[in-house]
Amino acid sequence: MGADRIIFVGGGGFCRELMVWASDCVAAGTLPPFGGYIDDEGDMLSRFKYDLPYLGAVQDYAPQRGDNFILAIGSPQGKRAVHAKLKDRGGTFPRLLHPTARVAPTASLGEGVILLLMAVAGPESRIDRFVTLNGGSGVGHDGVVGEFTTISSHVDVTGGAQLGRDLMVGSKSLFLPGVKVGDGARIGAGSIVYRNVPAGATTFAAPARQLRMRS
């Protein structure tokens, strides 16, 4: 008890992905060993052959000395909710930066950021806390991604684009230079975002069209 260890929060498919890529970080010495996972839905990994102990429900878990939590959750709202619970109990949240990720010396990364295989944070970019940048995605120079946003694989946030908080961004989307996307928007896979997107909107297609406003 008390030794540093990684505790994954969430036991779904994204947890299984993160276990694979985070093991590269453990081997590189940038993260401590895995200690287990917590999930309010129960022992989600019992169906699979993963040697990761189930430690109980998020709502019941009391962080122990040495626990470092990684949010293995795609939903921005889900990330916010469990972060608030664990933070109130003294939880700490390291960054997960895969060895193949590239971060410019002048980029700014917040608490709990996840950058997976070949993800890129360009010069003077700002990636706020608990953003997930999946494999092959990049934020160009002076780009901004707001907190708790989840960006899927192979997304290009080009120079100066500004993405708000709590976004879900589908795979292979492209944000052209300087566009602004409001908080809580949803961007469908393969979208080309060439003009500003209001808060709460859902867009899709290439070029992206607004589908609806979230109530």
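Note that the coordinates shown come from a computational prediction; the quantities given were computed from them, not determined experimentally.

Calculation notes
Residues numbered from 1 in each chain as written. Predicted model: local features only at pLDDT ≥ 70, side-chain atom pairs only at ≥ 80, totals over all residues. Heavy atoms only, no water. Helix = DSSP H or I, 4+ residues; strand = E, 2+ residues; numbered from the N terminus. Rg over C-alpha atoms; globule rule 2.2 N^0.38 Å. Buried < 20%, exposed > 50% of the residue type's maximum accessible area, 1.4 Å probe, protein only. Contact = heavy atoms within 4.5 Å. Areas by Shrake-Rupley, 256 points an atom, 1.4 Å probe, with all protein chains shown as cover. Pairing = 2+ DSSP bridges. Axes fitted to C-alpha atoms, helices over the stretch in contact; angles between N-to-C directions. Salt bridge = Lys/Arg side-chain N within 4 Å of Asp/Glu carboxyl O. Expected span 1.5 Å × (residues − 1). Arc of directions from axis to C-beta. Polar contact = N/O pair within 3.5 Å; in protein donor to acceptor, adjacent residues only side chain to side chain.

Trainee: It is not clear to me how the overall build of the chain should be interpreted in this structure. Could you clarify?
Mentor: For the chain, the count of helices and strands is 2 helices and 22 strands. Against the 2.2 N^0.38 benchmark of 17 Å for 215 residues, the chain shows a C-alpha radius of gyration of 17 Å, consistent with a compact globule. Summarising its shape, the C-alpha atoms of the chain cover approximately 50 × 40 × 30 Å along the three principal directions. The 215 residues of the chain split such that 50% are buried. Taking all contacts inside the chain whose residues are at least 6 apart in sequence as the whole, residues at least 24 apart take part in 30%. Accessible area for the chain stands at about 9,700 Å²; split by element, carbon and sulfur atoms hold 53% of it.

Trainee: Mind showing me how you'd approach the sheet that holds strand β2 (residues 34-38) here?
Mentor: To summarise the sheet geometry, strands pair through backbone hydrogen bonds and adopt either a parallel or an antiparallel arrangement. Taken in spatial order, the 3 strands of this open sheet run β2-β1-β3, and their pairing is parallel. Each edge of the open sheet is held by one strand with a lone partner, namely β2 and β3 (67-71). Here the average twist between neighbouring strands, direction ignored, is 25°. Pairing of strand β1 (residues 5-9) with β2, which is carried by 4 bridges, proceeds in the parallel orientation. Paired with F8 across the bridge in β2 is Y37. Against the sheet, helix α2 (residues 76-88) engages β1, β2 and β3, with an angle of about 165° to β3.

Trainee: Could you clarify how one ought to interpret the sheet that holds strand β14 (residues 156-157) in this entry?
Mentor: Pairing is parallel in the open sheet, where 6 strands are placed in the order β5-β8-β11-β14-β17-β20. Of all strands in the sheet, those with a lone pairing partner are β5 (102-103) and β20 (192-193), marking the two edges. Pairing analysis gives 2 bridges linking β5 to strand β8 (residues 120-121), with the strands arranged parallel. By the bridge assignment, V103 is partnered in β8 with A121.

Trainee: Would you explain the pattern of salt bridges in this entry?
Mentor: Where charged atoms of side chains with opposite charge meet at close range, the side chains can pair. Within the structure shown, the criterion is met by 8 salt bridges. Put simply, D67 and R5 hold a salt bridge, and the shortest N to O gap is 2.7 Å. Placement of D67 in strand β3 and of R5 in strand β1 is noted, with a sequence separation of 62 residues between them. Of the two residues examined, D67 and R5, each falls in the buried class. Residue R165 is joined to D183 by a salt bridge in which the shortest nitrogen-to-oxygen separation is 2.8 Å. Of this pair, R165 sits in the loop between β15 (162-163) and β16 (168-169) while D183 sits in the loop between β18 (180-181) and β19 (186-187), placing them 18 residues apart in sequence. Look at R165 and you get partly exposed, because its relative accessible area is 39%. A single salt-bridge network, built from bridges that share partners, covers R80, R129, E147 and D166.

Trainee: Help me understand α2 in this model?
Mentor: Working note: α-helix, 3.6 residues per turn, so residues spaced by three or four point in the same direction. Helix length check: α2 (13 residues) gives 18 Å between terminal C-alpha atoms against 18 Å at 1.5 Å per residue, within 8%. Those residues of α2 lying buried are P76, K79, V82, H83 and L86. End-on, the buried residues of α2 take up no more than an arc of 135°, which puts them together on one face. Where α2 is buried, its residues touch β1, β2, β3, β10 (132-133), β13 (150-151) and β16. Two to three positions downstream of the cap, the backbone nitrogen of Q77 sits 3.3 Å from a side-chain oxygen, assigning the N-cap of α2 to S75. Looking at the residues trailing α2, positive phi occurs at G90, about 90°.

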